[in-house]
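These are the residues of each chain, in order.
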Amino acid sequence: MSGTGGRPAVVDAAAWEAARVELLAREKAHTREGDALAAARRALPMVEVDGAAEVVGAGGAVPFRDLFEGRDELVVYQHMWWDGAPFQGQCEGCTMVAWHLRDASYLNARGVSFAVLTSGPWAEVAPYVEFMGYPQPWFSVRDAPAPIGGDMGRLMSFLRDGDRVFLTYTTTGRGTERINGSLALLDMTPYGRREGWEAVPEGWPEAPDVGSPVGGHGAPISWFWRTDADGAPAWGPTGRPAPQWTRPGASPVETLGRGGHCH
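Definitions and cut-offs
Residues numbered from 1 in each chain as written. Predicted model: local features only at pLDDT ≥ 70, side-chain atom pairs only at ≥ 80, totals over all residues. Heavy atoms only, no water. Helix = DSSP H or I, 4+ residues; strand = E, 2+ residues; numbered from the N terminus. Buried < 20%, exposed > 50% of the residue type's maximum accessible area, 1.4 Å probe, protein only. Contact = heavy atoms within 4.5 Å. Areas by Shrake-Rupley, 256 points an atom, 1.4 Å probe, with all protein chains shown as cover. Lys, Arg positive; Asp, Glu negative; His and termini not counted. Charge placed at Lys NZ, Arg CZ, Asp CG, Glu CD. Disulfide = S-S within 2.5 Å. Arc of directions from axis to C-beta. Salt bridge = Lys/Arg side-chain N within 4 Å of Asp/Glu carboxyl O. Polar contact = N/O pair within 3.5 Å; in protein donor to acceptor, adjacent residues only side chain to side chain. pLDDT = per-residue confidence, 0-100. Phe/Tyr/Trp six-rings, centres within 6.5 Å; stacked < 30°, edge-to-face > 60°. Lys NZ or Arg CZ within 6 Å of the ring centre and 35° of its normal.

**Student:** Any chance you could explain the overall build of the chain here in plain terms?
**Tutor:** Helix and strand content of the chain: five helices and 10 strands. With the principal axes as the frame, the chain shows a C-alpha extent of 65 × 50 × 30 Å. Taking all 263 residues of the chain together, the buried fraction comes to 37%. Excluding contacts between residues fewer than 6 apart, the proportion of contacts in the chain whose partners are at least 24 apart in sequence is 57%. Total accessible area on the chain is roughly 14,300 Å²; 56% of this is exposed by carbon and sulfur atoms. Side-chain charges in the chain split into 23 positive and 32 negative, and the spacing between the mean points of these groups amounts to 4 Å.

Written out as structure tokens, the structure is:
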């Protein structure tokens, strides 16, 4: 029986199982290739960085090596920042990433520390972290040299050997998706993410045209990252990053409060 109304075809249990087994073989191959890529990632050469570079957090200025908290490994996310923008104007993509790793207990148990770095001045960052209720350690790297400072929107891993610190890996763009469990779950659903680049059967629901600056019109990429007070996608001046509506005191807004867009 064919699917109707943009839904998958309806079949009997035996046909469904056969199709699932066929897809499972591809999924297992994908997993094995991912394992091979992870092995290659671990074998990458590394480059020494300035472990004494000063970063600023809740306890004041500290050397970057202190972020390891005595452990040998450190993963950081570098959060973009819009100077002077209100909370709703901060980066929606970075909000998506930072919101998904609010507890690093499992990393810590494996000897890995986690922190969020941002180029924002600490005087602006501190109230934002409090508003968002973020429990993970945040630091301003505004005056730190690259790669600790510099371009944001990246996941990075570091290794410590005594007082020496080495950068071992960095990724950006869709490479940061590995931290994001919501996208992984959406990829399991029949309708997926409903983004313009996805291959979908004819008749599948399309993303609403909300004028996303990232994806353009029709089916903008990441259209669901910002919503208005009623939960409708809104990339215009009435939108906030979606999780901000859960925060105490979050109220409807009329301005994005910034002059550009995150990508």
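**Student:** It is not clear to me how the environment of Tyr128 should be interpreted in this structure. Could you clarify?
**Tutor:** Examined against the element boundaries, Tyr128 turns out to sit in helix α4 (residues 122–132). On the basis of relative accessible area, Tyr128 is assigned to the buried category, the value being 0%. Spatially, the C-alpha atom of Tyr128 lies 8.8 Å from that of Pro86, the residues being 42 residues apart in sequence. Apart from residues no more than four positions distant in its own chain, Tyr128 is found in contact with His79, Trp81, Phe87, Gln90, Thr95, Tyr134, Trp138 and Gln244.

**Student:** Which parts of the structure should I look at to understand the state of the cysteines?
**Tutor:** Think of a disulfide as a covalent bridge from one cysteine sulfur atom to another cysteine sulfur atom. Under the defined criterion, the tally for this structure stands at zero disulfides. Sulfur of Cys94: no disulfide; nearest cysteine sulfur belongs to Cys91 and is 3.6 Å away.

**Student:** Just checking my understanding: could you explain helix α2 (residues 92–99) for this structure?
**Tutor:** Two residues of an α-helix separated by three or four positions point the same way, owing to the 3.6 residues in each turn. Within α2, seven of the eight residues are buried, which leaves the element mostly enclosed by the surrounding structure. Within the span of α2, buried status applies to Glu92, Gly93, Cys94, Thr95, Met96, Val97 and Ala98.

**Student:** Can you walk me through α4 in this structure?
**Tutor:** Of the positions making up α4, those classed as buried are Val125, Tyr128, Val129, Phe131 and Met132. Along the axis of α4, the buried residues cluster in a sector spanning 160°; they form a single face. Of the exposed residues in α4, those oriented more than 90 degrees away from the buried face are Ala123 and Glu130. Among the structural elements, β4 (73–79), α2, β5 (112–118), β6 (138–140) and β10 (240–241) are those in contact with the buried residues of α4. The first or second residue beyond α4 is Gly133, which carries a positive phi of 70°.

**Student:** What is the right way to read the side chain of Glu198 from this model?
**Tutor:** Its location among the elements puts Glu198 in the loop between α5 (181–186) and β9 (226–227). Buried within the structure, Glu198 lacks any salt-bridge partner; its nearest side chain of opposite charge belongs to Arg193, at an N-O separation of 4.7 Å. For Glu198, the side chain forms a polar contact with the main-chain nitrogen of Arg193, separated by 3.1 Å. A polar contact is formed between the side chain of Glu198 and the backbone nitrogen of Arg194, at a distance of 2.8 Å. Residue contacts for Glu198: discarding those within four places in its chain leaves Asp187, Tyr191, Gly192 and Arg193.

**Student:** Is there a simple way to explain the confidence of the model for the chain in this structure?
**Tutor:** Here the chain shows a mean pLDDT of 91. Residues at 70 or above account for 92%. Confidence drops under a pLDDT of 50 for residues 215–219, and excluding neighbours within four residues, the segment shows 12 contacts in the predicted structure.

**Student:** How should the packing of aromatic side chains be read in this particular structure?
**Tutor:** Aromatic ring pairs are described here by two measures, namely the spacing of the ring centres and the angle between the planes. Applying the stated criterion to the full structure yields 11 aromatic pairs. On the basis of an interplanar angle of 80° and a centroid distance of 6.4 Å, the ring pair of Phe64 and Phe68 is categorised as edge-to-face. Site record: aromatic cluster; members linked through ring pairs are Trp81, Phe87, Trp99, Tyr128, Phe131, Tyr134 and Trp138. One Lys or Arg, Arg174, reaches over the ring of Trp197 and ends 4.3 Å from the middle of that ring.

**Student:** Just checking my understanding: could you explain the side chain of Gln90 for this structure?
**Tutor:** Structurally, Gln90 is set in the loop between β4 and α2. Classification of Gln90 by relative accessible area gives buried; the value is 1%. Here Trp82 takes part through its backbone nitrogen, which lies 2.9 Å from a polar atom of the side chain of Gln90. Ignoring any residue separated from it by four or fewer positions in sequence, one finds Gln90 in contact with Met80, Trp81, Trp82, Ala85, Tyr128, Arg226, Pro241 and Arg258.

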